[in-house]
Amino acid sequence: MNIEISGLTRRFGRAQAVAGVDLEAGPGVFGLLGPNGAGKTSLLRMMATVIPPSSGRLRLLGRDPGSQGQRREIRRGLGYLPQTLGYYPGFTVVEFVEYFALLKEVPPARVPAAVASAVERVGLGDRAKAKLRNLSGGMLRRAGIAQAIVNEPRLLLLDEPTAGLDPEQRVTFRTLLRDLGEQATVVVSTHLVEDVGAACGRVALMEKGRIAFDGTPAELISRGVGHGTGDAPLERGYSAVLQQVRS
Amino acid sequence: MTAADLRPGVAGRSWPAGLRLVRLHLAGRQVPGALAALAGCAVLLRCALHWHWIQGSGPSAQQLPLLIESAAAMIIAVTTRSPFGEVERATGRWLPWLRLGTTLALTAAAAGMLAAGTVPAHLPGGDLALLRNVAGLVGVGLLSAAVLGGHLSWVGPVGYLGLAEVALTSARTTPWIWPACPPHDHAAALCATLAFTAGTLAITWRGARDTTHE
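Given the structure is predicted, the values throughout are model-derived calculations rather than measurements. (Residues numbered from 1 in each chain as written. Chains lettered and ligands numbered in written order. Predicted model: local features only at pLDDT ≥ 70, side-chain atom pairs only at ≥ 80, totals over all residues. Heavy atoms only, no water.)

**Quick word on the sheet that holds strand β5 (residues 78-81) of chain A**
All names here are of chain A.
- Within the open sheet, the 6 strands sit side by side as β5-β6-β7-β3-β8-β9. Their pairing is mixed. Each end of this open sheet is capped by a strand with a single partner; those strands are β5 and β9 (210-215). Pairwise comparison of adjacent strand axes, ignoring direction, gives a mean angle of 15° for this sheet. (Pairing = 2+ DSSP bridges. Helix = DSSP H or I, 4+ residues; strand = E, 2+ residues; numbered from the N terminus. Axes fitted to C-alpha atoms, helices over the stretch in contact; angles between N-to-C directions.)

**Remarks on the pairing of strand β8 (residues 202-207) of chain A**
Residue and element names in this part refer to chain A.
- With 5 of 6 residues buried, β8 lies mostly within the body of the structure.
- One ladder, built from 5 bridges, connects β8 with β9; its direction is antiparallel. Note that in β9 the partner of L205 across the bridge is F213.
- Here β8 folds back onto β9 in antiparallel fashion, the turn holding 2 residues, of which K208 has a positive phi close to 50°. (Buried < 20%, exposed > 50% of the residue type's maximum accessible area, 1.4 Å probe, protein only.)

**Digging into the state of the cysteines**
All names here are of chain B.
- According to the stated counting rule, one finds 0 disulfides over all chains in the structure shown.
- Free of any disulfide, C191 has its nearest cysteine sulfur in C181, 8.0 Å distant.
- Classification of C191 as buried rests on a relative accessible area of 7%. (Disulfide = S-S within 2.5 Å.)

**Quick look at the packing of aromatic side chains**
- The tally for this structure, following the rule as stated, stands at 10 aromatic pairs over all chains.
- Aromatic side chains Y99 of chain A and F100 of chain A sit 5.4 Å apart centroid to centroid with 70° between the ring planes, which places their arrangement in the edge-to-face category. For the pair Y99 of chain A and F100 of chain A, a shared accessibility class is recorded, and that class is buried.
- Ring centres of Y99 of chain A and F84 of chain B lie 5.1 Å apart, and the angle between their planes is 40°; on these two criteria the pair is classed as tilted. Highlighted residues: Y99 of chain A in helix α3 (residues 93-103) and F84 of chain B in the loop between α4 (63-78) and α5 (86-89), drawn from two different chains. The burial state of Y99 of chain A is the same as that of F84 of chain B; both residues are buried.
- Chaining the aromatic ring pairs together yields one cluster made of Y88, F91, F96, Y99 and F100 of chain A together with F84 of chain B. (Phe/Tyr/Trp six-rings, centres within 6.5 Å; stacked < 30°, edge-to-face > 60°.)

**What about the sheet that holds strand β2 (residues 15-25) of chain A?**
Residue and element names in this part refer to chain A.
- Taken together, 3 strands build an open sheet; the order of strands is β2-β1-β4 and the sheet is antiparallel. A strand with exactly one partner marks an edge of an open sheet, and here the two such strands are β2 and β4 (55-60). Averaged over neighbouring strand pairs, the angle between their axes works out to 25° when direction is ignored.
- Strands in contact with helix α1 (residues 40-47) are β1 (3-12), β2 and β4; relative to β1, the strand with the most contacts, it is inclined by about 120°. (Contact = heavy atoms within 4.5 Å.)

**Regarding the pairing of strand β7 (residues 185-189) of chain A**
All names here are of chain A.
- For β7, a buried count of 5 out of 5 residues is recorded, marking the element as mostly surrounded by other parts of the structure.
- Residues of β7 alternate between two faces, with T185, V187 and S189 on one and V186 and V188 on the opposite face, all of them buried.
- Relative to β7, strand β3 (residues 28-33) runs parallel, the two sharing 5 bridges. In the sheet register, F30 faces β7, and the bridge partner there is V187.
- When strand β6 (residues 155-159) meets β7, the two strands line up parallel, connected through 5 bridges. Its bridge partner lying in β7, D159 is registered against S189.
- You can see the chain leave β6, run along helix α6 (residues 167-180) and come back into β7, and the turn it takes is right-handed. (Right-handed = clockwise from strand over helix to strand, strands pointing away.)

**Side note on the nonpolar core**
- Ranked by size, the top nonpolar core spans 63 residues in total, and within it F91, F96, V97, Y99 and L158 of chain A carry the most contacts.
- It is α3 of chain A that provides the largest number of residues to this core, a total of 9 residues.
- With near-sequence residues (within four places) excluded, V97 of chain A lies in contact with V115, A118, V119, A143, A146, Q147 and V150 of chain A.
- Within the second largest apolar cluster, 44 residues are counted, among which are L45, A110, V134 and I177 of chain B. (Core = buried A, V, L, I, M, F, W, Y, C linked by side-chain atoms within 4.5 Å.)

Following this line, the structure appears as structure tokens:
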């Protein structure tokens, strides 16, 4: 298992963002759904080793991120795209992706090929030498995805990766997700249930810091039959689970 | 685009990967701009000495040099801000070393440029006081960056500057207000060294506070 979580919590002052999550995941694409403030981003940030849990057990890629040495090992095999991507506007796409390849300790001889492959896979090959300041929001998002996958991570964490992508790019991106999920554990936090339906083999729904549902997209759809609101079967399943939890 | 197309650009004009990483890190932290601003501080100090904007050698004569030294410290502290945020923090072992190297190099550059700016005139307090003041103020700036974030790191040096200016005008001395102490005051030098060491360790270990998610 690449992700092993039990009883995980995270507090920010008085607010409990994550309130006891249990989760295990191996290779495949794992969708994380939930309304705003459900705790998805906080859970993802703990898995990205950028914030520590308040309590509970977290093991990533078979290692303990609480230990400094093991955290380094985890980070070598980790790809992370946060909700808000920071970037230096003066970098070109290639420089941006290369910087992260070098920071993630991709062997120097492999860096050029790794950078070219990542940039190509997100469809930015023709803009490789463009400055980030000149890219559209969707292109910046794709540059962010490229830096996340440049080290061929075994654990890839993507927070709202399709925000700003047009429908054609989203379809391409879902194909990329399925491709990456054959080798790695890919966790995708999103509000877009159609992305989950198309790309994820498993989905969890978070509400108030807990996992309210964990199963396949088909199982989530079945929860919405005759219940829930929404235009698509997955949306009805999503709303039916939320209604059940809130009632 | 293929790997072959990218090879000259990525492999970086045959630069080794380590140098390439350092170059990209310095560019991302806007270090070239910071060096230009530090050079501007040195020119300002040179002008102040050349046109005798600084009179005498008493405490009041140290006010303008202290202002320039504080500006240099603020410039260095602001470079601790990472434009990349959490993505950069979730990477391997090189980042702390890059932060340490950048901080030490910029501090050395600031001290060197300001000292060069005093030649051949005489700076009140001399180069020893200049080195002590710059190092201590940089430490205050780095601690400020660790607590408040890179974009607010100037708050510490500005607050400290206010305290030091008051101490200079009122001739009150304590080792913790090292700019108001004589150049050979060992306690003041120790306090400045402690501030610099604490700030450097904080920035090396944790980096500037990332306020994106708060």
